[in-house]
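Okay, here's what each chain looks like letter by letter:
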Amino acid sequence: MPVKGDVPWPREEHTGAKHDIYRRYLDRWFPILLAYSNAYPSVTYAEGFSGPGVYSGGEIGSPVIAMQALIDNVPKTKGVARFVFIDDDKRCVDMLRKTLRTAFPDRPRSDAAMPVRVIEGTCIDHLEAALDSINAWGQPIFANLDSWGNAPVPYKLLQRLAVNVSSEVIVTLFPQHFVRFVSNLGEAGDEVFGGDPTWRTVNGLAPEAKSRHILTCYRQALKAAGFPYLLDFELIPKHGQPLYLVFGTGHPLGVKKMKDSLWEVDRAQGVGFRDPRDDQAETLFDMEEPQIGPLARLLEQKLRDSGRVRVEELRQFALFETVYRPEHVIRALKPLVDRGVVEVVGGGALRIGSFVSLASASAR
Ligand SMILES: C[S@@+](CC[C@H](N)C(=O)[O-])C[C@H]1O[C@@H](n2cnc3c(N)ncnc32)[C@H](O)[C@@H]1O
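Note on numbering: residues in each chain are counted from 1, in written sequence order. Side-chain atom pairs in this predicted model are given and counted only at pLDDT of 80 or more, local residue features only at pLDDT of at least 70, and totals for whole chains, interfaces and linings cover all residues. Excluding hydrogens and water, the side-chain values take into account all heavy atoms of the structure.

Going by what an unreviewed UniProt entry lists, the protein chain is known as Three-Cys-motif partner protein and is assigned to Geodermatophilus obscurus.

As structure tokens, this is what we get:
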């Protein structure tokens, strides 16, 4: 769907934070895959909704961020990095070509070492074909599918990426789009969720539960597509609509690195993030002294569901099932233990090796 207004457009608050996350992650991704031991001969960075590469205030867009991450972090002698950019608005495509020429006036790598394709067309019709034609498959691919949350992301492509070696995807979603248009989208919307119609039951839910339902369904769709490890979170701007990002990878290290990038995000952006599973929807703005309340609630629920659990298992739960880091777990458990809500099985200090459980109701 071509851009409704002018190209380029002003950068929104949450876009700055999103770019910071992309930058921090790609600064890690390119060297891990191309420069460290066991490196691959080549990788591909692909966008299905690339935009013009620049905003009206002069800020750079995700295609420039990605190419800069390669140039800054991988020596010229290491491997091949391909870039594929798709956008269905001709103005964006023309502007992106111009922006890339301006940002990188002396081609930083030869065409053989860094082929770049900028293609006009829809993501659904052109991205997979572009990856075929540039010989991306069989080597790692990072697919950034950053639509305005209202364009179809090809589910078949997600499935193919999930089985491709060391490949990852990050998808932007505006749950409100699905909530608002559920009646119009109908079965056509099912495709986004891998054919599963469960998302449409959103109609019958209380207003505050609707977005969470869409997010849960999308998370499940990405898992069903074949990505075993997911990280999903909402970026909450001070003004404007929240944005939901879902990251899928085949490797636990991918989740760890993406989570590090999330927690290091520049706080000056004034954008917080939120764990979609927290039923009180508390937003975390301070990354250095994070509010630990949402994690404490999630841990309590986990203990309610699972009974006695080793703290190390809760650290893994935090890493793979929440927005928190493993090192936040003991910090979240401590006040629960002090208040007698959680107990250390067999007594003693709270350590990574301890077992914990909910204290029996009578003991509280
Ligand atoms: C959110 S912007 C991309 C911003 C960019 N990723 C960045 O961070 O700098 C979304 C872009 O998707 C494009 N678009 C919308 N629907 C599309 C579709 N079905 N296929 C391809 N591009 C589409 C729009 O023209 C717009 O440029």
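Caption draft 1: Spatial organisation of the site of the ligand. A single heavy atom is enough: if one lies within 4 Å of a molecule or strand, its residue is considered near that molecule or strand. Around the ligand there are 22 residues in total, and Met1, His19, Ser62, Asp87 and Asp146 lie nearest to it. Whenever a nitrogen or oxygen atom comes within 3.5 Å of another N or O atom, the pair is scored as a polar contact, on the condition that within protein one atom can donate a hydrogen and the other can accept it, and that pairs from neighbouring residues in sequence are kept only if both atoms are in side chains. Between a nitrogen atom of the ligand and a main-chain N or O atom of phenylalanine 49, the distance comes to 3.3 Å. Separating a nitrogen atom of the ligand from a backbone N or O atom of cysteine 123 is a distance of 2.9 Å. Here the ligand has 600 Å² of accessible area as a free molecule, and 96% of this is covered by the chains. A breakdown of the residues in the shell around the ligand according to their chemical character gives 9 nonpolar, 8 polar and 5 charged. Where accessible areas are quoted, they stem from the Shrake-Rupley method and a 1.4 Å probe; at the residue level, only the protein chains shown are allowed to cover. Just so you know the grouping, Ala, Val, Leu, Ile, Met, Phe, Trp, Tyr, Cys and Pro go in nonpolar, Asp, Glu, Lys and Arg go in charged, and all remaining residues, Gly too, go in polar.

Caption draft 2: Geometry of the sheet that holds strand β5 (residues 168-173). At least two bridges found by DSSP between two strands are what make those strands a pair. A run of H or I in DSSP counts as a helix once it spans at least four residues, and a run of E counts as a strand once it spans at least two, with each numbered from the N terminus. Strand order in the open sheet formed by 8 strands is β3-β2-β1-β4-β5-β7-β6-β8, with mixed pairing between adjacent strands. Edge strands, defined here as strands with exactly one partner in the open sheet, are β3 (116-120) and β8 (272-274). Across the sheet, the mean angle from the axis of one strand to that of its neighbour is 15°, orientation sign disregarded. Pairing of strand β1 (residues 42-47) with strand β4 (residues 141-145), which is carried by 4 bridges, proceeds in the parallel orientation. Paired with threonine 44 across the strands is isoleucine 141, a residue of β4. Helix axes are fitted only over the stretch in contact, all axes being lines through C-alpha atoms; the angle between N-to-C directions runs from 0 to 180 degrees.

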